[in-house]
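Observations on chain architecture
Here are the chains, one letter per residue:
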Amino acid sequence: MTIFDSEEKFDAPAALHAISRAVAKTGILPRTAAEVEKVVGAATELHSSLDAALARQLLSVYTGDLNPMACFIGGMASQEALKLCSGKFTPIHQWMYYDVRELLQLSPMSVEERLANGQGSGNERDRQIAVFGKAFQDFLSQQSAFIVGAGALGCELIKNVALIGLGAVSITDMDTIEISNLSRQFLFRNDHIGKSKSLVAGNAATSINPAMRVTAFDQKMAPETEGTFNETFWNSHSVVLNALDNVASRKYVDERCLFYKKPLFESGTLGTKCNMQPVIPYVTESYSSSHDPPEKSIPLCTLKNFPSAIEHTIQWARDQFHLLFASTPEDVNRYLEDPKAFGESLVRDPASAPIVLKHVNDALRGWPSTEKDCIQKARVLFQEYFHDNFKQLLFNMPVDKRNEDGQLFWSGAKRPPTPQVFNPQCERDADFVYHTANLIAGIYGLPELKLSRKEAAEYAASIEVAPFVARTVTFSTSEKDKTDPSAAQLVGELKLEDLPPATQFAKRRMVPLEFEKDDPTNHHVDFITHCSNTRAEAYAIPPADLVRTKRIAGKIIPAMVTTTSLVTGLVCLEMLKFLLLQHEHHKKHPNTPYIPSEAEVNAQLSVYRSAFVNIALPMIAFSDPILATGRTYALPDGGTVRWSIWDRLDLNEKRDVSVQELADLLLERFHIDVFMITLASGKMLYTSFGGKKEDKTKPVSEVAREKGEAAQEGNDYLNLIATGSIGDDDDIDVPIIRYKFRNF
């Protein structure tokens, strides 16, 4: 089996096999030119059309070794061993070769030079030096990698860069080590449980390569940490390796790499499947430029009324978390800050207005002041979610209800729910009340409960709840339904005037929560777990433990060590290609950043590879990355300008210019007749057809600050978005504007 990825490698299967057989037949591991020629002669006898020049290059590094290649072959071989041990699957019974001749082509040397590199000098990376030479190894020792995530992929990547011999690595992961991590995140041991992943992984990297400088962070990659991960930080790194488990974070890192023009090597796994994508400045499209079609969603009626799998109840619980602790607090704050604007937004969305008003009204009128108030609200929620709603559903659709065709309505996947009665002795019920009450305290700005779970459950049991009263409503019963009319019917008729006056609450505000799966102390996953399992109990669905719920609710992708090893090997091979190109440029222009010409861009597209693998089959597919598209605009002076997704407009006038001066600079320097400039938040900074005149004379940062957008400490730039025209072309894509306003 030969893995090849370009037309020039069609002869690779026979050629590589002939070379390997010739080495075995002659018993020579070539270390001199004469030995190379002897093996080439033997290989030619076995394969008459052998490319002798390529064979000489390969044989001159035959004594060398590359860590990424070992990862790739090790992952494949280990998976085949698992097939054999399982007794169920037949492993591959043939030779396997992976031809990555680009690595030799990007480090041009004569056979004699390569053979000299392989003589060894006592360096622990002698076998890598045998392939690339000492000069490139010295270059690697000056490079730094930023690895985002220290989970399954992250552990492999951290180990790889340490063994490759990079000079420095920065690691960030806000998660702590759990016992479930130990089976696939091999840098961790039992005594590491509860400790920071990034810190432990960093210590492991130091033990592998003591010469490598390691910096560990426990912060999330997000807009709120841009003061830490600022321009100075990004500029100090040569490559970025993503090891994340969710698309949103991947897209954020991709956007940062695009902005700072850093190469991103993206990878992901799903069981035996994996993929890898190199994102190269000025050459390829970004990770976010293309995406898979959206996942098939769970039908509304299944989610709300007829769940049949634990995934359904977990998604329902996740939706309740967002409603209770994110969207409702945001709606309450919008009402308290500007009741008129809040009312206008409801007019624009009349379908959801009754539900929003009901939740805002309940949140305001039930504003708690003590932990017992929070427990009471949690107890009322239990009654509503797991008793009254089920009673109402069964009132509308009794167990003996039949369809028009005479078949029982509650049959097949449709199971009638069993209304739940709160039991303080039931651990699940007690946990629901305890974690819900803590989250309620959080959104109202109250401290966590001092009462224990048992005490909270006992108090909840003493609370008298309103008896159920059936009402006539219409439930969604078809998968084609996009809305559930019962939600609006059950809340009744409420108007904006029925809400408590905003003035009654003075400056009080709620605290919206963003779901965070990786903090075991924040009650988020606990709430979803016990909320889901209580609903599952009602529908006779087997429950899920905390770990499985976290994986489904947090959309965590499962990992296998074989797949992880293989894909990180592919990632690091692509990283080496990038660094080899950088090294060749550095030798000629040591102080100049490398921006490839148009011809070089087209050539490099054939150097890099994206990969899609399923090692269970096994199936390995390679493709050239997609070219970074751009547009060319004709300038009024007769010239042209071309911008792609990798371009940005840097403005640093050594002072904080006025808004009008900013618009004038864009016209003078970039020929952009500006229509509008907005802040990253979307708020207007400048418009050519209106706006406050006094704002145009103020410094840019002052206007931004007045509109609620202030850069974090450590970040001296504002990112601005402009629209405008160049000459007669009024449909232009203006690159993001990076404006420096302080610390000149």
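Within the UniProt record for the protein, the comment given under Pathway (unreviewed entry) is "Protein modification; protein ubiquitination." For the protein, the Sequence similarities (unreviewed entry) comment in UniProt is given as "Belongs to the ubiquitin-activating E1 family."

Examining the sheet that holds strand 9 (residues 610–614)
Read across the sheet, eight strands follow the order 5-4-3-6-7-8-9-10 without closing on themselves; strand pairing throughout is mixed. Each having just a single partner strand, strand 5 (213–217) and strand 10 (619–623) make up the two edges of the open sheet. Between one strand axis and the next, the sheet turns by 10° as a mean value, whatever way the strands run. In this sheet, strand 9 lies alongside strand 8 (residues 273–279) in antiparallel orientation, the contact comprising four bridges. Directly across from Lys273, in strand 9, lies its bridge partner Asn614. Here helix 9 (residues 152–164) sits on the sheet and contacts strand 3 (144–148), strand 4 (168–172), strand 6 (239–242) and strand 7 (264–270); the angle it forms with strand 3, its principal contact strand, is near 170°. In the packing of helix 23 (residues 561–588) onto the sheet, the strands contacted are strand 6, strand 7, strand 8, strand 9 and strand 10, and the crossing angle to strand 7 comes to about 170°.

Overview of helix 9
Counted at 1.5 Å a residue, the expected span for helix 9 with its 13 residues is 18 Å, and the 19 Å between its end C-alpha atoms agrees. Counting buried positions over the 13 residues of helix 9 gives 12, a clear majority of the element. Of the residues making up helix 9, those classed as buried are Ala152, Leu153, Gly154, Cys155, Glu156, Leu157, Ile158, Lys159, Asn160, Val161, Ala162 and Ile164. Gly165 occupies a position one or two residues after helix 9 and carries a positive phi of about 100°.

Some thoughts on unusual backbone geometry
The general pattern is negative phi for most residues beyond glycine and trans for most peptide bonds. Put simply, Leu617 and Pro618 share a cis peptide bond, and its omega is -10°. Position of Pro618 among the secondary structure elements: in the loop between strand 9 and strand 10. Backbone geometry at Ala540 places phi at a positive 55°, although glycine is not the residue there. Considering the arrangement of structural elements, one finds Ala540 in the loop between helix 21 (524–538) and helix 22 (546–553). For Ala540, a relative accessible area of 61% corresponds to the exposed category.

Side note on the UniProt feature "domain: Ubiquitin-activating enzyme E1 C-terminal" (unreviewed entry) in the protein
Residues annotated by UniProt as "domain: Ubiquitin-activating enzyme E1 C-terminal" (unreviewed entry) correspond here to residues 608–737. Its end C-alpha atoms 30 Å apart, residues 608–737 is made of 18% helix and 35% strand.

Criteria and cut-off values
- Residues numbered from 1 in each chain as written.
- Predicted model: local features only at pLDDT ≥ 70, side-chain atom pairs only at ≥ 80, totals over all residues.
- Heavy atoms only, no water.
- UniProt positions renumbered as here; feature names shortened; annotations may be inferred.
- Pairing = 2+ DSSP bridges.
- Helix = DSSP H or I, 4+ residues; strand = E, 2+ residues; numbered from the N terminus.
- Axes fitted to C-alpha atoms, helices over the stretch in contact; angles between N-to-C directions.
- Contact = heavy atoms within 4.5 Å.
- Expected span 1.5 Å × (residues − 1).
- Buried < 20%, exposed > 50% of the residue type's maximum accessible area, 1.4 Å probe, protein only.

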